[in-house]
Amino acid sequence: MTVQRHAIATGEGTGGRSAIRLRGVVKRFGDFTAVDGLDLEVAAGSCLGLLGPNGAGKSTTMKLLTAQARPDEGSIEVLGFSVPRESKRARAAMGVVPQQDNLDEELTARENLEVFAHLYRVPRARRRQAVDDALELAHLTARQRTKVDDLSGGMRRRLLIARGLVHRPALVLLDEPTVGLDPQVRAELWGLIDGLRTAGTTVLMSTHYIEEAERLADDCALMSHGRVVARGGPSKLIEEHAGQLVVEHYGPPVRLEEVERLAHAAGLTTRRTGPSVSVLKAETIPPSLDEELGPDGVRRAANLEDVFVVLTGERVE
Ligand SMILES: Nc1ncnc2c1ncn2[C@@H]1O[C@H](COP(=O)(O)OP(=O)(O)OP(=O)(O)O)[C@@H](O)[C@H]1O
């Protein structure tokens, strides 16, 4: 059993084994069901983007994996450990990067990492090297003696990620890793997360930024109302739900309603974006309808945002 668990934890020779497996998981808060019969598997060594609008149940799912919340129904396995029963061992083997920055502001960057290396029981003889490695990974070596309070927002977020990686976990959970950051800092963090993926670490990343999932995830699970409503690589999801092309029509409300009526009558799916209506799978529009819709449509490639909006009925930022 130990050998098997080690194999899962390291991702070596797992032959596609799951690092995470949720079956029929339900989590209720009073009368409200936040996670509603969730089935989710994450293959060892892959990066799964957990996408969904606010309130879809992403954070609750993360909390169930770390045993900060207990399921009402279903089973959860993380790195071969049953959670919450074996959550201590599962927690020791995974890295968790929370949405909220909870770094110790009084300590330096290095000291923050040292505290966690100790908590994660990195052997004393290896601790210094582990901290050095984490600092380097987050490009913070030059700032290691700086108090957290004096670090920029982007540096703090990189330190938060480094802290979750100091014990070299086989699996890292990133809860909305770039929420609220400016585009430049976001791009920096994407480089860091991409490096983890390349190194073979299993990554489960919740996000509501479509571009983040498109760039980083091998595989996406789209959550809505506590369930996975679509699963697959970004390009597969786009092809399946939005096709190749989207045609956008702009105009006053009456015109938009007309486009919707014509498209729906032909069995096509549309989405509203402020002053426009987009018709999905535009490559399947028959010539007669194309003529009826008129020449004012702007064609563009379908994207994951189209899939998100169509399947969740929500706008994206
Ligand atoms: N402790 C709690 N008590 C009551 N309701 C809760 C609790 N935690 C979460 N919820 C509710 O469960 C639903 C799912 O919340 P969750 O935070 O998992 O969503 P999310 O997909 O992560 O969204 P966000 O991006 O806003 O964090 C929300 O409607 C939320 O209000």
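Residues numbered from 1 in each chain as written. Predicted model: local features only at pLDDT ≥ 70, side-chain atom pairs only at ≥ 80, totals over all residues.

S.K.: For the overall build of the protein, give the residues involved together with the corresponding values.
M.R.: Within the protein one finds 12 helices and 14 strands. Seen through its C-alpha atoms, the protein measures out along the principal axes to roughly 75 × 45 × 40 Å. Split into buried and exposed, the 317 residues of the protein put 41% on the buried side. Expressed as a percentage of contacts within the protein between residues at least 6 apart in sequence, the contacts between residues at least 24 apart total 69%. (Helix = DSSP H or I, 4+ residues; strand = E, 2+ residues; numbered from the N terminus. Buried ≥ 20, exposed ≤ 12 C-beta atoms within 10 Å, placed from the backbone. Contact = placed C-beta atoms within 7 Å.)

S.K.: Could you give an account of the environment of V83, with specific residues and numbers?
M.R.: Locating V83 in the fold gives a position in strand 5 (residues 81-83). With 23 C-beta atoms counted inside 10 Å, the residue V83 sits in the buried group. With 16 residues separating them in the primary sequence, V83 and A67 have C-alpha atoms 6.6 Å apart. With residues up to four places along the chain from it excluded, the contact list for V83 reads L65, A67, I76, E77, V78 and A90.

S.K.: So, the packing of helix 9 (residues 234-242) against helix 12 (residues 304-312): which residues are in play, and what are the values?
M.R.: Where helix 9 meets helix 12, the axes come as close as 9 Å, and the angle between the chain directions of the two elements is 55°. With respect to each other, helix 9 and helix 12 are oriented oblique. Once helix 9 is placed against helix 12, the crossing between them reads as left-handed. Between helix 9, through P234, L237, I238, H241 and A242, and helix 12, the contact on the second element is made entirely by L304, D306, V307, V310 and L311. Broken down by class, the residue content of the contact of helix 9 with helix 12 amounts to 8 nonpolar, 1 polar and 1 charged. (Axes fitted to C-alpha atoms, helices over the stretch in contact; angles between N-to-C directions. Parallel < 35°, antiparallel > 145°, perpendicular 65-115°, else oblique. Left-handed = near helix turned anticlockwise from the far one by under 90°. Nonpolar A, V, L, I, M, F, W, Y, C, P; charged D, E, K, R; others polar.)

S.K.: An account of helix 6 (residues 153-165) is needed here, citing residue identities and associated values.
M.R.: An ideal rise of 1.5 Å per residue puts 18 Å on 13 residues; helix 6 measures up with 19 Å between its terminal C-alpha atoms. Residues of helix 6 that are buried include every one of R157, R158, L159, L160, I161, A162, R163, G164 and L165, and no others. (Expected span 1.5 Å × (residues − 1).)

S.K.: Outline the nonpolar core, listing residues and values.
M.R.: In globular proteins that are soluble, nonpolar side chains generally tend to be buried together. Counting residues in each nonpolar core, the largest one holds 85 residues, and the members touching the most others are A162, V166 and V279. Three or more residues apiece are contributed to this core by two domains, here domain 1 (2-234) and domain 2 (244-301). Setting aside residues no more than four positions away along its own chain, V279 makes contact with V246, V247, V259, A263, L268, T270 and I285. (Core = buried A, V, L, I, M, F, W, Y, C linked by C-beta atoms within 7 Å. Domains from an automatic or database assignment.)

S.K.: How would you summarise the domain arrangement of the protein if you had to cite specific residues and measurements?
M.R.: A common way to report how large an interface is uses the accessible area buried once the components associate. For the protein, the assigned domains read domain 1 (2-234) and domain 2 (244-301). Measuring from the centre of the C-alpha atoms in domain 1 to the corresponding centre in domain 2 gives 40 Å.

S.K.: Explain the environment of M205 to me, using residue names and the numbers behind them.
M.R.: Looking at the secondary structure, you find M205 in strand 8 (residues 202-207). Each C-alpha atom of the pair M205 and K58 lies 9.4 Å from the other, and the pair is 147 residues apart in sequence. Here M205 is in contact with C47, G49, L50, L174, P177, I193, L216 and A217, once residues within four sequence places are set aside.

S.K.: How would you summarise the UniProt feature "domain: ABC transporter" (unreviewed entry) in the protein if you had to cite specific residues and measurements?
M.R.: If you check UniProt for "domain: ABC transporter" (unreviewed entry), the listed places come out as residues 20-250 in our numbering. Overall, residues 20-250 shows 37% helix and 30% strand. The separation of its end C-alpha atoms is 44 Å. (UniProt positions renumbered as here; feature names shortened; annotations may be inferred.)

S.K.: Before we move on, can you summarise the sheet that holds strand 11 (residues 245-250) with the specific residues and values?
M.R.: In space, the 4 strands of this open sheet follow the order 12-13-11-14, with antiparallel pairing throughout. Edge positions in the sheet fall to strand 12 (270-273) and strand 14 (298-301), since each of these pairs with one other strand and no more. Here the strands of the sheet are splayed against their neighbours by 30° on average, with no regard to which way each runs. Pairing geometry for strand 11 and strand 13 (residues 276-279), over 4 bridges, is antiparallel. Its bridge partner being in strand 13, E248 is matched across the sheet by S278. (Pairing = 2+ DSSP bridges.)

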